[in-house]
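Okay, here's what each chain looks like letter by letter:
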Amino acid sequence: MDGSVRPSVLDSDAELPFDPDAVTIEDRDVFELLEPAVQEWWLEAFGEYVPENSGFFTPPQRGAIPKIHEGTNTLICAPTGSGKTLASFTSILNTLYAADRDTDDGLENAVYCLYISPLKSLANDIHRNLEVPLEGIEDIVASRDDDRAMGEIRHAIRHGDTSSSDRQKMLEETPHILNTTPETLAILLNSPKFREKLRTVEYVIVDEIHSLADGKRGTHLSVSLERLEAMTEGDITRIGCSATIDPLSQVAEFLVGQETPGGDARPYEIVDARFAREFDIELECPTDDLINTSREVVQERFYRQLHEHIQAHTNTLVFTNTRSGAERVLHTLRERFDAYDEANSGCHHGSLSKDVRQDIETRLKDGDIDVVTTSTSLELGIDMPHVDMVVQVGSPKSVAALLQRVGRAGHRVGQTVTGRVIALDRDELLECAVMLKKADDGFVDSVSIPQNAQDVAAQHVYGMAIAEIRPEADLKAILKRAYPYRDYAETEYESLMRYLTAEYAGLEDRNVYAKIWRDENDPPDGEHHHEAFPVGESLIGKRGRLARVIYMTNIGTIPDSFTCDVYTRASDEWAGQLDENYLDTLEKGDVFVLGGDHFEYRYRRGSKVYVDRTSARPTVPSWYSERLPLSVDLGREILTFQAALLDHYETGGPPRVRAWLREFPLDDDSVRAIARLFDHQLQYAGLESVSTHDRLAIEVVRDREEYERHYYVHSAYGRKVNDGLSRLFAYHCAQQATTNVRVAVADNGFVLSMPLNRKVDLEGLIDDLEADDVRDDLRRSISGTDLLQRYFRINATRALMILKRYKGYEKSASEQQVSSEMLLGFAEDLENFAVIEETYREVLEDKLNVDEIEAVVGDIETGDLEVSRTLLDSPTPRAFGLATLSASDVVLAEDESAALQAFHEHVLEKIGDESLQGLRASTDDN
């Protein structure tokens with residue numbers, strides 16, 4: 001293939017910005033797909049030959065543009081900054097330009113392309129990025145002596161903040177490219193006038209698809225896309241974009257849906273360019289001894305490291321695991337160093353005002369700010385081209401999140417992505433070590449897509465009935481062509497219909513009315529006769545004059561939340577407020593810290609929480625509801641890592657372990673800290689105290705001071721699985737010991753605590769579990785809990801059983817909770833009631849990951865997972881984090897580490913002086 005390009009690209013007297021004889025252009029065939037004006041604009045915008053790309057295009061562009069040009073459904077997976085969004089739009093702009101030029105009347109006054117993003121700010125960002133190529137192409141066409149001048153290709157944003165006047169303008173002068181959100185798309189599908197503008201849609205781009213697929217927003221969107229497909233004049237080309245997601249085939253099938261209800265997926269192609277950029281990521285630790293080094297020294301070294309990274313780079317993005325952590329890191333940087341002030345540093349997270357966030361985003365884009373601290377709000381693809389360093393404080397809990405965050409640096413192919421992870425806690429140090437090695441190996445955590453969500457189905461069935469009277473078979477087919485409903489059972493569908501038609505006696509007495517009618521098309525003299533359909537065909541339509549208003553003002557999947565006032569039971573004294581999300585983690589008897597005081601949780605009534613003062617140790621840390629949970633895939637990789645580490649330890653002791661760890665992307669302090677952790681562990685409690693992929697280690701500790709027995713279960717499957725597994729174990733322990741069992745849960749395990757005079761045979765109890773009983777046992781364990789109450793409220797609101805907005809009145813989340821508590825008892829007594837069944841499904845499958853729990857119990861049943869039990873009088877080093885949950889975040893820790901130090905000293909005392917001398921000598925080992 002020669003290096004020439006078509007002569008129409010540039011004027012004859014213009015020179016190419018590269019020597020065509022000196023290079024081999026691998027992507028000439030891609031380039032030649034573009035119209036001459038688009039080619040010229042591309043050269044002007046990105047013109048130089050890029051050696052890293054062997055041509056004009058980045059790997060995702062080279063792979064995607066021809067596929068989209070052919071109308072092929074395409075999933076593009078590539079790092080941030082590699083041009084995947086431009087890859088999506090280039091062929092579309094090219095096609096629209098050609099269509100506008102080649103038709104007498106130009107493009108219709110209608111929508112041709114929908115760009116759907118999870119964030120309003122991301123839609124704004126893409127809107128700005130579209131203006132540049134469109135204006136550039138228009139200018140090039142205008143400068144030519146061409147009778148077929150280019151008309152305007154319009155683009156606009158439509159979301160919840162769009163004014164009514166702007167919405168009206170879009171009807172009169174409709175954008176050809178519409179940027180919107182999943183929620184707004186669902187509303188547009190039911191807008192009598194604007195839905196007609198969508199019949200011409202040929203392309204749909206779903207950006208940051210990973211952030212949608214694993215939740216109900218994605219489920220909602222998947223059905224909206226099927227509704228759109230059913231009403232358009234031709235097939236829609238669907239394009240998905242993500243930086244970090246796996247398995248790609250499953251996500252692609254989620255994007256494209258099914259060709260026939262419950263059948264095979266529509267055809268698609270995958271452009272897998274996830275590793276098209278070079279990554280320079282390393283784990284750092286401020287010390288090789290996170291126990292004996294004081295917290296003050298650890299923090300001093302941490303902030304010194306962070307300061308040095310910031311000063312060595314142009315723009316630095318610092319991710320923390322909580323919003324309060326982002327605030328604290330920025331505050332401390334400004335306090336400790338004169339280099340930072342409001343002009344060159346800032347914080348960005350979801351609790352800040354829109355104006356503050358937009359100001360930070362603008363300064364990041366322009367490169368006018370040295371450092372920004374954030375939690376999760378800057379993970380997604382807002383363009384920030386000047387960021388050249390990302391620092392992650394603590395574990396981001398998954399390889400996908402790590403790559404997403406670190407990928408914000410070096411915003412183009414050819415630039416190395418530079419990131420540093422700083423671990424301040426021994427458990428997170430281990431997590432991060434495995435995470436960075438797996439990232440280096442090309443591993444990405446798998447996504448879990450909710451299945452058959454009844455509340456989302458209720459919204460869409462209602463919406464379709466409102467849009468038009470239609471055959472029930474068509475409605476059901478649309479639902480089952482969406483990937484999350486491909487296996488939707490007839491029993492589930494009938495349960496949904498019974499709810500929506502209010503067949504249950506007593507529903508209307510509680511102001512829950514029928515939303516649809518369902519009837520066979522009557523003969524001409526019947527009440528439900530419709531001439532457009534054959535007599536006897538089952539039809540569905542809306543019920544109620546206000547149906548459209550109710551639908552438009554109440555749909556969506558993002559739940560409202562609220563803060564609860566906390567009162568003591570004894571004196572009815574107000575103690576403070578708790579975020580409602582935190583209550584997910586609390587069971588009766590749990591202890592938490594609020595305002596520096598310790599409280600024991602008793603119960604909740606509506607938006608009020610009642611507690612007792614206590615001096616007991618906290619069981620649920622204050623950060624619990626803010627942090628992302630460890631991914632199950634990464635948890636299993638940690639167990640595999642621990643098995644390999646034990647093999648190296650048995651072969652050559654700590655020196656062999658350190659030599660092996662130096663193959664990982666770790667600094668030397670991290671290597672020594674991890675090696676020391678396991679050396680202490682194994683000398684103190686032996687090999688069987690460490691969980692691996694084929695061993696579940698449990699340690700039993702008698703705490704005579706607290707008069708409690710603690711079972712430390714080292715199930716490193718992540719917090720979701722551990723939450724469910726701990727509930728399952730606690731449920732059976734409570735039955736056997738006839739006592740309350742307190743539970744504390746973390747990512748690397750959980751603790752069951754009960755009075756010392758109560759003893760259970762935990763090994764025997766676990767051996768007796770059966771995988772087939774897990775779901776039913778867990779369902780019984782959550783019945784009557786606050787967790788179930790909260791999720792019932794969320795699902796009842798999503799299913800429009802409780803209306804957030806009605807006749808001008810807006811019901812707050814706390815008022816919704818009161819309404820749901822009044823409905824819950826009644827609803828639980830109804831047979832196979834869709835909203836109750838969905839509540840249990842969501843809690844068990846999406847929140848507690850019951851499938852993984854069944855797999856763990858199944859492995860124990862078959863003997864593939866051995867259960868080992870170690871009896872001790874003090875926790876092992878691997879249990880320190882579980883034993884001191886309330887103080888495990890060193891950046892934010894306000895509690896003293898005296899308990900942790902006492903545990904450590906006990907371990908060292910048991911190991912003995914000879915071992916300690918060996919450890920000290922090992923510090924000279926290279």
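See above for the structure.
1. Details of the overall build of the protein
Link 1 in the chain: The helix and strand inventory of the protein stands at 32 helices and 28 strands.
Link 2 in the chain: Put simply, the protein has 926 residues, and 61% of those count as buried.
Link 3 in the chain: Partitioning the contacts of the protein with sequence separation of at least 6, the portion at a separation of at least 24 is 73%.
Link 4 in the chain: Looking at the protein as shown, the accessible area adds up to about 36,300 Å², and 43% of this sits on carbon and sulfur atoms.

2. A short note on the environment of T614
Link 1 in the chain: By the secondary structure assignment, T614 is in the loop between β21 (608–613) and α21 (632–661).
Link 2 in the chain: Linking T614 and F592, residues 22 residues apart in sequence, is a C-alpha distance of 9.5 Å.
Link 3 in the chain: Every residue in contact with T614, bar those within four places of it in the chain, is listed here: V591, H598, F599 and E600.

3. Examining the sheet that holds strand β23 (residues 708–713)
Link 1 in the chain: Ordered in space as β24-β25-β23-β22-β28, the five strands form an open sheet in which the pairing is mixed. Each end of this open sheet is capped by a strand with a single partner; those strands are β24 (742–746) and β28 (866–872). Taken over all neighbouring pairs, the strand axes of this sheet differ in orientation by 20° on average, direction set aside.
Link 2 in the chain: The pairing of strand β22 (residues 695–703) with β23 spans six bridges and is classified as antiparallel. The residue of β23 that forms the bridge with V701 is H710.
Link 3 in the chain: The sheet contacts of helix α23 (residues 719–737) involve β23, β24 and β25 (749–755), and relative to β25 the element is tilted by about 20°.

4. Quick look at a positive patch on the surface
Link 1 in the chain: Together, R702, R704, K759 and R869 make up a region of like positive charge exposed at the surface.
Link 2 in the chain: With respect to the helices and strands, K759 occurs in the loop between β25 and α24 (762–767).
Link 3 in the chain: Of the residues examined, K759 reaches a relative accessible area of 58% and is grouped as exposed.

5. Quick look at the packing of aromatic side chains
Link 1 in the chain: Under the criterion given, the structure shown has 18 aromatic pairs.
Link 2 in the chain: Aromatic side chains F729 and F750 sit 5.7 Å apart centroid to centroid with 65° between the ring planes, which places their arrangement in the edge-to-face category. Pair noted here: F729 is in helix α23 and F750 is in strand β25, with a separation of 21 residues, a long-range link. Of the two residues, F729 and F750, both sit in the buried class.
Link 3 in the chain: Aromatic rings pair up to connect F31, W41, W42 and F57 into one cluster.
Link 4 in the chain: Above the plane of the ring of Y483 lies R486, whose end atom (NZ or CZ) is 3.8 Å from the centre.
Link 5 in the chain: A cation over a ring is seen here: K608 above Y567, with NZ or CZ 5.5 Å from the ring centre.

6. Some remarks on the environment of V356
Link 1 in the chain: Tracing the chain through its elements places V356 in helix α14 (residues 354–366).
Link 2 in the chain: Through-space distance from the C-alpha of V356 to that of G346 is 9.3 Å; in sequence the pair is ten residues apart.

7. Thoughts on the pattern of salt bridges
Link 1 in the chain: Inspection of every chain in the model, using the stated rule, returns 51 salt bridges.
Link 2 in the chain: E35 is the partner of R101 in a salt bridge, and the nearest nitrogen-oxygen pair spans 2.5 Å. Linking R101 in helix α4 (residues 84–102) with E35 in the loop between α1 (28–31) and α2 (36–46), this pair joins segments that are 66 residues apart in sequence. Like R101, the residue E35 is buried in the burial classification.
Link 3 in the chain: Among the ionic pairs, R775 bridges to E845, the shortest N-O distance being 3.1 Å.

8. Remarks on the nonpolar core
Nonpolar side chains in soluble globular proteins tend to end up buried together.
Link 1 in the chain: Residues Y499, L752, L762, M801 and F833 are the most contacted members of the largest nonpolar core, which totals 93 residues.
Link 2 in the chain: Here this core takes eight residues from helix α17 (residues 454–467), the largest share from any one element.
Link 3 in the chain: L283, C285, L430 and L677 belong to the second-largest nonpolar core, a separate cluster that totals 69 residues.

9. Details of the sheet that holds strand β17 (residues 563–568)
Link 1 in the chain: If you walk across this open sheet you meet the five strands as β18-β17-β21-β20-β19, and the pairing is mixed. Since the sheet does not close on itself, it has two edges, and those belong to β18 (574–579) and β19 (591–594), each with one partner. Between one strand axis and the next, the sheet turns by 45° as a mean value, whatever way the strands run.
Link 2 in the chain: Both β19 and strand β20 (residues 597–605) contribute to a ladder of four bridges, which runs antiparallel. Paired with V591 across the strands is E600, a residue of β20.

10. Observations concerning the packing of α23 against helix α25 (residues 774–782)
Link 1 in the chain: Two elements in contact, α23 and α25, have axes whose closest approach is 9 Å; the angle formed by their N-to-C orientations is 80°. As the angle between them shows, α23 and α25 are arranged roughly perpendicular. Together, G724, R727, L728, Y731 and H732 of α23 and V774, D777, L778, R780, S781 and I782 of α25 make up the contact between the two elements.
Link 2 in the chain: Classifying every residue of the contact of α23 with α25 gives five nonpolar, three polar and three charged.

11. Focus: α14
Link 1 in the chain: The end-to-end C-alpha distance of α14 is 18 Å, a good match for the 18 Å that 13 residues give at a rise of 1.5 Å each.
Link 2 in the chain: Two residues or fewer after α14 comes G367, characterised by a positive phi angle close to 75°.

12. Let's talk about the packing of helix α3 (residues 59–69) against α4
Link 1 in the chain: Their axes nearest at 8 Å, the elements α3 and α4 cross at an angle of 30°. Relative to α4, α3 is oriented so that their crossing is right-handed. Every residue of α4 that contacts α3 at P60, Q61, A64, I65, I68 and H69 is listed here: K84, L86, A87, S88, T90, S91, I92 and N94.
Link 2 in the chain: A breakdown of the residues in the contact of α3 with α4 according to their chemical character gives seven nonpolar, six polar and one charged.

Parameters at a glance
- Residue numbers here run from 1 along each chain, matching the order of that chain's written sequence.
- Note on the predicted model: pLDDT of at least 70 is required for a residue's local features to be given, and 80 or more for side-chain atom pairs to be given and counted; whole-chain, interface and lining totals, by contrast, use all residues.
- Side-chain descriptors were evaluated using all non-hydrogen atoms of the structure, hydrogens and water having been removed beforehand.
- Numbering goes from the N terminus for both helices and strands, where a helix is a DSSP run of H or I of at least four residues and a strand is a run of E of at least two.
- Accessible area is worked out with a 1.4 Å probe on protein chains only. A residue is then buried under 20% of its type maximum, exposed over 50%, and partly exposed in between.
- By definition, residues are in contact when any of their heavy atoms lie within 4.5 Å.
- Using a 1.4 Å probe, accessible areas were evaluated by the Shrake-Rupley method; residue-level cover was limited to the displayed protein chains.
- Pairing between two strands is assigned when DSSP locates at least 2 bridges connecting them.
- Fitting a line to C-alpha atoms yields each axis, with helices limited to the stretch in contact; the angle taken between N-to-C directions then spans 0 to 180 degrees.
- Residues enter patches when they are more than 30% accessible in relative terms and free of salt bridges; like-charged ones are connected within 9 Å and nonpolar ones (Val, Leu, Ile, Met, Phe, Trp, Tyr) within 5 Å.
- By salt bridge we mean one thing: a side-chain nitrogen of Lys or Arg within 4 Å of a carboxyl oxygen of Asp or Glu.
- Positive charges are assigned to Lys and Arg, negative charges to Asp and Glu, while His and the chain termini are left out of the count.
- Where a charge lies is defined by one atom per residue type: Lys uses NZ, Arg uses CZ, Asp uses CG and Glu uses CD.
- Centres within 6.5 Å are what make two rings of Phe, Tyr or Trp a pair, Trp counting through its six-membered ring; a difference in plane orientation under 30 degrees is then read as stacked, over 60 as edge-to-face, and the rest as tilted.
- Should the NZ of a Lys or the CZ of an Arg lie within 6 Å of a ring centre and within 35 degrees of the ring normal, that charge is described as sitting over the ring.
- Put simply, a nonpolar core is a bunch of buried Ala, Val, Leu, Ile, Met, Phe, Trp, Tyr and Cys residues held in one set by side-chain atoms that sit within 4.5 Å of each other.
- When describing relative orientation, an angle under 35 degrees is termed roughly parallel and one over 145 degrees roughly antiparallel, while 65 to 115 degrees is termed roughly perpendicular and anything else oblique.
- For this classification, Asp, Glu, Lys and Arg are treated as charged, while Ala, Val, Leu, Ile, Met, Phe, Trp, Tyr, Cys and Pro are nonpolar and the rest, including Gly, are polar.
- Multiplying one less than the number of residues by 1.5 Å gives the expected span of a helix.
- Take the far helix as your reference; a near helix turned counterclockwise from it by less than a right angle gives a left-handed crossing, and one turned clockwise gives a right-handed crossing.

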